[in-house]
Amino acid sequence: MRLDKFLCDVQLGTRSQVKDCIKKGNVSVNGCIIKNPDYKLDENADSVFYMGKRVTYQSFYYYMLHKPMNVVTATKDSHDTTVMDLLPDARGKNLFPVGRLDKDTEGLLLITNDGELAHNLLSPKKHVEKTYYAECSGTIDAARIHMLETGVDIGDEEPTSPAKVRLISQSDCTYTIELTITEGRFHQVKRMVQAVGGSVTYLKRLSMGGLSLDSDLSKGAYRPLTENEITQLKSNI
Ligand code: URA
């Protein structure tokens with residue numbers, strides 16, 4: 001790989017910025033200052049220092065996005081803004097969203113190019129927990145909570161798998177719950193609430209496989225996952 005591409009890939013600047021930096025003598029490979037941006041290196045074996053700091057090559061990228069409403073979970077769309085439009089850093093890295101949130105659902109969305117991790121997180125066999133905050137209209141009681149917890153008929157071949165329910169608040173005809181499910185069926189939360197006679201009026205995903213939405217991340221904002229978060233996610237599958 002070319003040295004300037006390597007430095008761009010690890011997000012140290014644009015191609016012209018990193019070329020400039022290389023020409024100024026700020027980059028060394030295996031202890032030698034390299035001033036040629038076209039220098040070929042082995043990204044997995046060579047030791048690269050940039051301004052005195054070791055740079056390691058990352059081939060997988062992991063971002064958490066706070067998906068806002070009215071944005072579709074797709075890589076391309078001719079009408080709507082997509083989640084990928086919100087990540088200018090995504091270009092050229094083959095990133096994709098892990099799973100799908102409805103257009104009107106907000107909250108945690110993982111964006112990566114790690115196909116194996118995505119596959120495992122979405123595999124029904126892995127039972128990865130996803131927790132949603134749901135504001136609902138209708139009534140909730142112990143019997144309905146029990147139904148959600150044990151599995152409800154949402155019109156599919158099989159009833160839903162056991163879920164965890166935490167009742168946050170309730171009034172005469174509205175209630176708020178946190179629902180943790182281990183499947184990812186189409187409109188699952190909305191259909192589960194419908195199955196107990198209610199309707200979801202607002203839905204937000206709070207966590208997935210031990211990864212929680214960063215409360216400092218405003219709607220539409222994103223950030224790379226920390227090493228700890230990546231380790232945590234991988235340890236859950
Ligand atoms: N369940 C839903 O109904 N919608 C979502 O976006 C996610 C889970």
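Note that the structure is a prediction, hence the values are computed from the model and not measured.

### Structural notes on the overall build of the chain
Part 1 of the argument: A count of helices and strands for the chain gives 6 helices and 13 strands.
Part 2 of the argument: Its C-alpha atoms give the chain a radius of gyration of 22 Å, more than 25% over the compact-globule value 18 Å for 237 residues.
Part 3 of the argument: For the chain, with 237 residues in total, the buried portion stands at 44%.
Part 4 of the argument: Each charge class in the chain was averaged separately, 30 positive and 31 negative side chains, and the resulting centres sit 7 Å apart.

### Let's talk about the environment of Asn120
Part 1 of the argument: For Asn120, the position within the fold is in helix H3 (residues 115-122).
Part 2 of the argument: When the C-alpha positions of Asn120 and Ile237 are compared, they lie 6.4 Å apart, and in sequence the two are 117 residues distant.
Part 3 of the argument: Among all residues touching Asn120, those that are not within four sequence positions of it are Lys126, Val128 and Ile237.

### Considering the pairing of strand S7 (residues 105-112)
Part 1 of the argument: Among the 8 residues in S7, 8 count as buried, and that is most of the element.
Part 2 of the argument: Examined bridge by bridge, strand S5 (residues 62-67) and S7 share 6 bridges and lie antiparallel to one another. Pairing of Tyr62 across the sheet is with Thr112, part of S7.
Part 3 of the argument: One ladder, built from 2 bridges, connects strand S6 (residues 96-97) with S7; its direction is antiparallel.

### So, the side chain of Ser28
Part 1 of the argument: Structurally, Ser28 is set in strand S1 (residues 27-29).
Part 2 of the argument: Not counting residues up to four positions away in its chain, the partners in contact with Ser28 are Ile33, Ile34, Ser47, Val48 and Phe49.

### Quick look at the site of the ligand
Part 1 of the argument: For the ligand, the full set of nearby residues is Leu101, Asp102, Thr105, Tyr132, His187, Gln188, Val189, Lys190 and Leu203.
Part 2 of the argument: The contact in question runs from a nitrogen atom of the ligand to an N or O atom on the side chain of Asp102, over 2.7 Å.
Part 3 of the argument: The separation between an oxygen atom of the ligand and a polar side-chain atom of Thr105 is 2.9 Å.
Part 4 of the argument: Computed on the free molecule, the ligand has an accessible area of 240 Å², of which 96% lies beneath the protein chains in the complex.

### Focus on the sheet that holds S1
Part 1 of the argument: On the basis of which strands lie adjacent, the open sheet formed by 4 strands has the order S2-S1-S3-S4 and antiparallel pairing. Both edges of this open sheet fall to strand S2 (32-33) and strand S4 (53-55), since each of them pairs with a single strand only.
Part 2 of the argument: Bridging between S1 and S2 involves 2 bridges; their strand directions are antiparallel. Bridged to Val29 within S2 is Cys32.

### Overview of the domain arrangement of the chain
Part 1 of the argument: Examined at the domain level, the chain breaks down into domain 1 (3-55), domain 2 (62-124 + 210-235) and domain 3 (129-208).
Part 2 of the argument: Each of domain 2 and domain 3 was reduced to a C-alpha centroid, and the two centroids are 23 Å apart.
Part 3 of the argument: With 19 residues of domain 2 at the contact, the number on the domain 3 side is 12 residues.
Part 4 of the argument: For the domain 2 and domain 3 pair, buried surface summed over both sides reaches about 1,200 Å², with 48% attributable to carbon and sulfur atoms.
Part 5 of the argument: When the area that domain 2 buries against domain 3 is broken down by residue, the three leading residues are Asp102, Glu106 and Leu108, summing to 30%.
Part 6 of the argument: The salt bridge partner of Asp102 is Lys190, with a shortest N-O separation of 2.8 Å.
Part 7 of the argument: Among the secondary structure elements, those contributing two or more residues to the side of domain 2 that touches domain 3 are S7, H3 and strand S12 (211-212).
Part 8 of the argument: Ranked by residues supplied to the side of domain 2 that touches domain 3, first place goes to S7 with 5 residues.
Part 9 of the argument: Considering only residue class, the side of domain 2 that touches domain 3 consists of 10 nonpolar, 5 polar and 4 charged.

The rules behind the values
- Residues numbered from 1 in each chain as written.
- Predicted model: local features only at pLDDT ≥ 70, side-chain atom pairs only at ≥ 80, totals over all residues.
- Heavy atoms only, no water.
- Helix = DSSP H or I, 4+ residues; strand = E, 2+ residues; numbered from the N terminus.
- Rg over C-alpha atoms; globule rule 2.2 N^0.38 Å.
- Buried < 20%, exposed > 50% of the residue type's maximum accessible area, 1.4 Å probe, protein only.
- Lys, Arg positive; Asp, Glu negative; His and termini not counted.
- Charge placed at Lys NZ, Arg CZ, Asp CG, Glu CD.
- Contact = heavy atoms within 4.5 Å.
- Pairing = 2+ DSSP bridges.
- Near = heavy atom within 4 Å.
- Polar contact = N/O pair within 3.5 Å; in protein donor to acceptor, adjacent residues only side chain to side chain.
- Areas by Shrake-Rupley, 256 points an atom, 1.4 Å probe, with all protein chains shown as cover.
- Domains from an automatic or database assignment.
- Buried area = accessible area lost by both parts, 1.4 Å probe.
- Salt bridge = Lys/Arg side-chain N within 4 Å of Asp/Glu carboxyl O.
- Nonpolar A, V, L, I, M, F, W, Y, C, P; charged D, E, K, R; others polar.

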